[in-house]
Amino acid sequence: MDNKRGQWGSNFGFLMAAVGSAVGLGNIWGFPYKMGKTGGFAFLLIYLALVLLVGIIVMLGELALGRKTGKGVMGTYLEFSKKYSWLGYMSVISGFLILSFYSVLGGMVLRYAVGYFLQLIGLDGFAGQGTGFFGYLLYDYKGILLFYALFMIITVLIVMGGIEKGIERFSSIAMPALFCILVFVIIYVAIQPGAIDGYKFMFMPDLSVFSDPQIGFFGVFKAAAGQMFFSLSLGMGCMMTYGSYLSKNEHLQRNSIIIPFADSIVAVMAGMAVMPACAAFGVEYNRGPGLLFASMQTVFDNMGGFGTVVGFLFYFLVLIAAITSSISILEVCTAFQIDKDMAKGKEPNRKKVSLIYAAIIFVFGLPVALDALGSGNALIKAPYELLGFEYKGPGFAMWNDCWLDLYDLIAEGILMPIGALVMSVLIGWVWKTTIIKDECEKSGDKFKAYKYYDFCFKFVVPVIMAFIFYAQLVDFFG
Ligand code: PFF
């Protein structure tokens, strides 16, 4: 391993960073709200099945390829052949798109955390708007830009610190803290009268959504699949990049199970914080972006005096989750450039590279920051107006109106599934699964369940992915 690239100090540190990447806004916001929209228990069931059949397989593929080559996503594919460079570019573009909208949302979370902090010390943290603050914030462009920039600065400062001293050190403290706060919030929510309806919604076996003509099985399946890739940080080389900093002694197979397992537990726990809280105070679960902000603020407001403390802790926890994810996305881009420079024999300059990429991504995210999340009458025109495609109406797809949804659709809906599909086909059929087995066994451990992984790489992942694309096409063309 070339130390110029960096290396994890310990497997625990790696796990905290990798679980930190996986646990993010996708768990705390995306999971509860998609679950709220697509039938609760039915969504949970399909989600967990997809994690077992696709998630852990693709996770191992990425970790093993990254560690084998010791390179980020582009470097890894180039190691096999120049003709795969498009896969590397696709991953970096996904990183650009995701980090840009992710940081805008991260900035909003930071704004809410600061707001609650000010309330705690007796000041008005929400500009006199109370629970109407979300509607105000969307059009407070200066405020949004300021907090967007601050969030990006925090992200870049950690990445500049390097693998062990920046990303690992931060994650090793932040992730256990996140877990403790989450447990506290869950317990506090559980003692609120009326919380029980939220648990019922999550855990009572009810599959009636499958016969709902608006959603149906396809609708639930598509939502769960997109969520799974996004939540596990798969399909854009993030785990490949993190795998490239792992030592050959570590047990890859075990790691590839721990990360999805921990991520799914935190997603369910986040659901157990958000949904019963909404149920207790009569707030709807399925309100999209508003869930994390407007709905939760209403919840904390109704909790009485202690609600301010819980509100602050909640947004602080979400902030940690968002930062440990955003650093992993910026690292994909940083490693891309570092590997490129090293291949040319140049001395890598991590600080400069991460700063430049963060600045470019910041510019990419400006439409997301300035369009009031598609609420209309914003500073920047909607995608369909600016890019000149035909408006299909708000009922058809949100990406007509909202830059965040457009970026998300391209990354989570298209590029990430393609990335994961092509990687699985390459591993299953072109390079053969033995390259994964050989890499796993470098630690001296036997590759258990090889037959299961082999079968999944060859058949299960490609078939499920084809199904996802089919569902997506049906969505596009009506
Ligand atoms: N997994 C993160 C979440 O659930 O919020 C988001 C994410 C991080 C996506 C890193 C992709 C990635 F490479």
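What you see is a predicted model, and the numbers here were worked out from it, not measured in a lab. (Residues numbered from 1 in each chain as written. Predicted model: local features only at pLDDT ≥ 70, side-chain atom pairs only at ≥ 80, totals over all residues. Heavy atoms only, no water.)

With that settled, consider the overall build of the chain. Check the secondary structure of the chain and you find 20 helices and 0 strands. A globule of 478 residues ought to have a C-alpha radius of gyration of about 23 Å, and the chain, at 21 Å, matches this closely. Out of the 478 residues belonging to the chain, those deemed buried represent 60%. Once local pairs closer than 6 in sequence are excluded, the contacts in the chain between residues at least 24 apart make up 80%. Here the chain has roughly 18400 Å² of accessible surface; of this, 66% comes from carbon and sulfur atoms. Put simply, the chain has 33 plus and 31 minus side-chain charges, and the middle of one group is 9 Å from the middle of the other. (Helix = DSSP H or I, 4+ residues; strand = E, 2+ residues; numbered from the N terminus. Rg over C-alpha atoms; globule rule 2.2 N^0.38 Å. Buried < 20%, exposed > 50% of the residue type's maximum accessible area, 1.4 Å probe, protein only. Contact = heavy atoms within 4.5 Å. Areas by Shrake-Rupley, 256 points an atom, 1.4 Å probe, with all protein chains shown as cover. Lys, Arg positive; Asp, Glu negative; His and termini not counted. Charge placed at Lys NZ, Arg CZ, Asp CG, Glu CD.)

Per the counting criterion, the structure on display carries 46 aromatic pairs. For the pair F184 and Y188, a centre-to-centre distance of 6.4 Å together with 20° between the ring planes defines the contact as stacked. Taken as a pair, F184 and Y188 lie in helix α8 (residues 163–190) at a separation of 4 residues, close to a single helical turn. Among the residues examined, Y188 registers a relative accessible area of 17% and is labelled buried. (Phe/Tyr/Trp six-rings, centres within 6.5 Å; stacked < 30°, edge-to-face > 60°.)

Here we take up the packing of helix α5 (residues 85–120) against helix α14 (residues 307–343). As a packed pair, α5 and α14 sit with axes 8 Å apart at the nearest point and diverge in direction by 155°. Between α5 and α14, the angle is such that the two are roughly antiparallel. Remark: the crossing between α5 and α14 carries left-handed chirality. A class-by-class count of the residues in the contact of α5 with α14 yields 24 nonpolar, 8 polar and no charged. (Axes fitted to C-alpha atoms, helices over the stretch in contact; angles between N-to-C directions. Parallel < 35°, antiparallel > 145°, perpendicular 65-115°, else oblique. Left-handed = near helix turned anticlockwise from the far one by under 90°. Nonpolar A, V, L, I, M, F, W, Y, C, P; charged D, E, K, R; others polar.)

Once that is clear, we can look at unusual backbone geometry. Of note in the backbone geometry, S233 takes a positive phi value of approximately 55° without being a glycine. With respect to the helices and strands, S233 occurs in the loop between α10 (216–231) and α11 (238–243).

Residues in contact with the ligand amount to 16 residues; listed here are only the nearest, S21, A22, G26, Y102 and F230. Here A22 contributes a backbone N or O atom positioned 3.0 Å from an oxygen atom of the ligand. A majority-of-atoms criterion places the ligand in the largest cavity. Secondary structure elements with two or more residues in the shell around the ligand: α1 (11–22), α2 (25–37), α10 and α14. Tallied by class, the residues present in the shell around the ligand amount to 8 nonpolar, 8 polar and no charged. (Near = heavy atom within 4 Å. Polar contact = N/O pair within 3.5 Å; in protein donor to acceptor, adjacent residues only side chain to side chain. 1 Å grid on protein atoms, 1.4 Å probe; cavity = no way out; pocket = protein on both sides within 12 Å on 5 of 7 lines; lining within 4 Å. Sits in = over half its atoms within 2 Å of the grid points.)

A separate point is the pattern of salt bridges. Overall, the coordinates contain 11 salt bridges when judged by the stated rule. Across the pair E412 and K34 runs a salt bridge, and its minimum N-O distance is 3.2 Å. Pair noted here: E412 is in helix α18 (residues 403–430) and K34 is in helix α2, with a separation of 378 residues, a long-range link. The pair E412 / K34 is uniform in exposure class, with both members buried. Where E331 meets R350, a salt bridge forms, and the shortest distance between an N and an O atom there is 2.8 Å. Taken together, the residues E331 in helix α14 and R350 in helix α15 (residues 350–364) connect sequence positions 19 residues apart. (Salt bridge = Lys/Arg side-chain N within 4 Å of Asp/Glu carboxyl O.)

This part is about the environment of S85. Along the chain, the position of S85 falls in helix α5. By relative accessible area, S85 is classed as partly exposed at 23%. Along the backbone, S85 and D140 are 55 residues apart, and their C-alpha atoms lie at a distance of 41 Å.

End to end, α10 covers 22 Å across 16 residues, agreeing with the expected 22 Å (1.5 Å per residue, within 8%). Of all 16 residues in α10, 12 are buried; the element is thus mostly enclosed. Within α10, burial applies to G216, V220, F221, A223, A224, A225, G226, Q227, M228, F229, F230 and S231. Positive phi appears at S233, one or two residues downstream of α10, with a value of about 55°. (Expected span 1.5 Å × (residues − 1).)

Counting across every chain of the model gives 2 cavities of 30 Å³ or more. Of the pockets and cavities examined, the largest cavity occupies roughly 130 Å³. Surrounding the largest cavity, 15 residues form its lining, S21, I98, F230, S233 and I329 being those nearest its centre. Residue classes in the lining of the largest cavity are distributed as 8 nonpolar, 7 polar and no charged. Of the volumes computed, that of the second largest cavity is approximately 60 Å³. Breaking the lining of the second largest cavity down by element, the ones donating at least two residues are α3 (41–69), α4 (73–80), α5 and α18. (Points joined across faces, edges and corners; volume = space filled by probe spheres on them.)

With 173 residues, the main nonpolar core has I259, F314, Y315 and I436 as its most contacted residues. By residue number, the principal contributor to this core is α14, which donates 18 residues. Each residue touching I259, except ones within four places of it in the same chain, is listed here: F14, L15, A18, V19, A22, M59, L63 and M239. (Core = buried A, V, L, I, M, F, W, Y, C linked by side-chain atoms within 4.5 Å.)

Glancing now at the side chain of R5. Relative to the elements of secondary structure, R5 occurs in the segment before α1. A relative accessible area of 6% places R5 in the buried class. In terms of polar contacts, R5 uses its side chain to reach the side chain of S244, at 3.2 Å. If near-sequence neighbours (up to four positions away) are discounted, R5 is found in contact with G70, K71, G72, I163, S244, Y245, A335, D339, M342 and R350.

Our next topic: the layout of surface pockets. Any empty space left between the atoms is revealed when a probe the size of a water molecule rolls over them. Roughly 230 Å³ of volume is contained in the second largest pocket. What lines the second largest pocket is simply K71, M74, G75, L78, E79, S85, Y89, F336, D339, K340 and A343. Contributing elements (two or more residues each) for the lining of the second largest pocket: α4, α5 and α14.

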